[in-house]
Amino acid sequence: MRPVNTERRAALADAAIGVLAETGIRGLTHRAVDAAAGEPDGTTSRYFRTREAMLLGVVDRVKEIRMKMLDDLVSDGLDRAELVEAFVVAVHNALHRDRPKQLAMMALLLESSHRPALREELTLVALSMRQMLVKLCARAGVELTERDAWALMNFFNGTLFLAMSLPQLEQPTEEIVRAGVSALLTPYDGSARPT
């Protein structure tokens, strides 16, 4: 058996992200991904045999990209003020530069209510993201509790979901995001730590 071409697999997953962002879950087919990637018919099905395998491939790709981004931040280290600004930038990037990835993940989260394997994989991604978030905050001297780490993740996910689903509502400005993150981190000001 030939080894998997990981670069081509990643490129197909990236094309699938674009299809998901543009057409939603119903438009995600092997043929649509082949076309988006500029590949001959049947290419995607060689790398992702089933539709579920393709969905899981997208999850893996988005996780890989996001974890790399968080890992870079953790390794760089941030002070508390830089931490807040990093969150502001993350929301801005999700709404603009990384919009297709965010839309794809939103579609997958909704689809996971009908697909146990997808739900299980997305649960693992959420747990990994929370762990990285805790490590990132710890580097800035903020020892988040698990509860507060979830609260921070929920703030971001809710903010992004509403901004992308209902663009006619007020969009989250830098000031709004900064205020929200600062409020969530306020219990960690000074020497006192929440219990």
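Relevant structure appears above.
Residues numbered from 1 in each chain as written. Predicted model: local features only at pLDDT ≥ 70, side-chain atom pairs only at ≥ 80, totals over all residues. Heavy atoms only, no water.

*Asks:* How do you make sense of the overall build of the protein when you look at a structure like this?
*Replies:* Across its full length, the protein holds 9 helices and 0 strands. In sequence order, the secondary structure elements of the protein are arranged as α-α-α-α-α-α-α-α-α. The principal-axis extents of the C-alpha atoms in the protein amount to approximately 60 × 45 × 30 Å. In the protein, of all internal contacts separated by at least 6 residues, the share reaching a separation of at least 24 is 70%. About 10,800 Å² of surface is accessible on the protein, with carbon and sulfur atoms providing 56% of the total. Side chains of the protein give 24 positive and 26 negative charges; the mean places of these two sets differ by 6 Å. (Helix = DSSP H or I, 4+ residues; strand = E, 2+ residues; numbered from the N terminus. Contact = heavy atoms within 4.5 Å. Areas by Shrake-Rupley, 256 points an atom, 1.4 Å probe, with all protein chains shown as cover. Lys, Arg positive; Asp, Glu negative; His and termini not counted. Charge placed at Lys NZ, Arg CZ, Asp CG, Glu CD.)

*Asks:* How should the packing of helix α1 (residues 6–23) against helix α4 (residues 51–76) be read in this particular structure?
*Replies:* For any two helices packed against each other, one specifies the inter-axial angle together with the distance between the axes. The N-to-C vectors of α1 and α4 enclose an angle of 100°; their axes lie 9 Å apart at closest approach. Here α4 runs roughly perpendicular to α1, going by the angle between their axes. Residue-level inspection shows A10, A13, D14, A16, I17 and L20 of α1 in contact with α4, the latter providing G57, V58, R61, V62 and I65. Of the residues assigned to the contact of α1 with α4, the class counts are 8 nonpolar, 1 polar and 2 charged. (Axes fitted to C-alpha atoms, helices over the stretch in contact; angles between N-to-C directions. Parallel < 35°, antiparallel > 145°, perpendicular 65-115°, else oblique. Nonpolar A, V, L, I, M, F, W, Y, C, P; charged D, E, K, R; others polar.)

*Asks:* Any chance you could explain the packing of aromatic side chains here in plain terms?
*Replies:* The relative placement of two aromatic rings is captured by the distance of their centres and the angle of their planes. Tallied over the entire structure, the rule returns 2 aromatic pairs. Ring geometry for F87 against F156: centres 5.2 Å apart, planes inclined by 45°, an arrangement best described as tilted. Of this pair, F87 sits in helix α5 (residues 80–95) while F156 sits in helix α8 (residues 146–165); the two residues are 69 residues apart in sequence, bridging distant segments of the chain. For the pair F155 and F156, a centre-to-centre distance of 5.5 Å together with 65° between the ring planes defines the contact as edge-to-face. Connected via pairs of aromatic rings, a cluster forms that spans F87, F155 and F156. (Phe/Tyr/Trp six-rings, centres within 6.5 Å; stacked < 30°, edge-to-face > 60°.)

*Asks:* Would you explain helix α6 (residues 99–111) in this entry?
*Replies:* In an α-helix, one full turn covers 3.6 residues, which means residues spaced three or four apart are oriented alike. The first and last C-alpha atoms of α6 sit 18 Å apart over 13 residues, in line with the 18 Å expected at 1.5 Å per residue. For α6, the secondary structure elements touched by its buried residues are α1, α4, α5, α7 (116–139) and α8. (Expected span 1.5 Å × (residues − 1).)

*Asks:* Mind showing me how you'd approach the pattern of salt bridges here?
*Replies:* Where charged atoms from two side chains of opposite charge approach closely, those side chains can pair. By the definition in use, this model includes 11 salt bridges. Measuring nitrogen to oxygen at the nearest pair gives 2.8 Å for the salt bridge that ties D14 to R61. Remark: R61 occurs in helix α4 and D14 occurs in helix α1; sequence separation between them is 47 residues. R61 sits in the buried class, given a relative accessible area of 17%. In this structure, the salt-bridge partner of R178 is E174, at a minimum N-O distance of 3.6 Å. Of this pair, R178 and E174 both sit in helix α9 (residues 174–185), 4 residues apart, which is roughly one turn of the helix. Each of D14, R61 and E64 takes part in a single network of salt bridges with overlapping partners. (Salt bridge = Lys/Arg side-chain N within 4 Å of Asp/Glu carboxyl O. Buried < 20%, exposed > 50% of the residue type's maximum accessible area, 1.4 Å probe, protein only.)

*Asks:* Would you take a moment to explain the environment of M106 for this structure?
*Replies:* The topology assignment puts M106 in helix α6. Given a relative accessible area of 11%, M106 falls into the buried group. Along the backbone, M106 and K135 are 29 residues apart, and their C-alpha atoms lie at a distance of 25 Å.

*Asks:* Even after reading the chapter, I still don't get the layout of surface pockets, so can you show me in this structure?
*Replies:* Of the voids in this model, the largest pocket is the one considered here, and its volume is about 810 Å³. Forming the walls of the largest pocket are 32 residues, and the residues nearest its centre are R66, Q102, M129, F156 and N157. Of the residues belonging to the lining of the largest pocket, the class tally is 24 nonpolar, 4 polar and 4 charged. (1 Å grid on protein atoms, 1.4 Å probe; cavity = no way out; pocket = protein on both sides within 12 Å on 5 of 7 lines; lining within 4 Å. Points joined across faces, edges and corners; volume = space filled by probe spheres on them.)

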